[in-house]
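# Structural features, examined
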Amino acid sequence: MFAMAPYTNMPDDVKKIAEDAQAAIIAGKLHPFKCPVIGQDGNPVECKGGDHLDDGQILGMNFYVKGIDDKLPGK
């Protein structure tokens, strides 16, 4: 369950890479949240999907990952 921004204003080879990545995510061959996942607080997140976060963890995410310089609304 995701939507990519339109693939405009990019070279054809980059567009192909983005389309291939999107297809692999949809097919379940590429997991964007591959473990280890480190939360913004520096603590590792339990990986219930084995080597990646499971679907429930992704759908219920209420944290940012390490490297995101922002705060969740209301926190």
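See the structure above.
Let me begin by describing the structure that accompanies this report.

### Examining the side chain of Q57
Of note, Q57 is situated in helix α2 (residues 55-59). Relative accessible area serves as the criterion here: at 15%, Q57 is assigned to the buried category. At 2.6 Å, the side chain of Q57 forms a polar contact with the backbone oxygen of E46. The contacts of Q57, once residues within four sequence positions are left out, are V45, E46, C47, K48 and G49.

### Side note on the state of the cysteines
For the coordinates displayed, the defined rule picks out one disulfide. Each sulfur in the disulfide pair C35 and C47 lies 1.5 Å from the other. In this structure, the disulfide formed by C35 and C47 twists by about -110 degrees around the S-S bond and is classed as left-handed. One end of the pair, C35, is in the loop between α1 (12-27) and β1 (37-38); the other, C47, is in the loop between β2 (44-45) and α2, and 12 residues separate them in sequence. With a relative accessible area of 23%, C35 lands in the partly exposed category.

### Remarks on α1
In this model α1 runs 22 Å from its N-terminal to its C-terminal C-alpha over 16 residues, within 8% of the 22 Å that 1.5 Å per residue would give. G28, located one to two residues past α1, shows a positive phi value of around 80 degrees.

### Here's the deal with the side chain of H52
Along the chain, H52 turns up in the loop between β2 and α2. Since its relative accessible area comes to 16%, H52 is described here as buried. Engagement of the side chain of H52 in a polar contact is seen with the side chain of D51, the distance being 2.6 Å. Apart from residues no more than four positions distant in its own chain, H52 is found in contact with H31, F33, K34, C35 and C47.

Thresholds applied
Residues numbered from 1 in each chain as written. Predicted model: local features only at pLDDT ≥ 70, side-chain atom pairs only at ≥ 80, totals over all residues. Heavy atoms only, no water. Helix = DSSP H or I, 4+ residues; strand = E, 2+ residues; numbered from the N terminus. Buried < 20%, exposed > 50% of the residue type's maximum accessible area, 1.4 Å probe, protein only. Polar contact = N/O pair within 3.5 Å; in protein donor to acceptor, adjacent residues only side chain to side chain. Contact = heavy atoms within 4.5 Å. Disulfide = S-S within 2.5 Å. Expected span 1.5 Å × (residues − 1).

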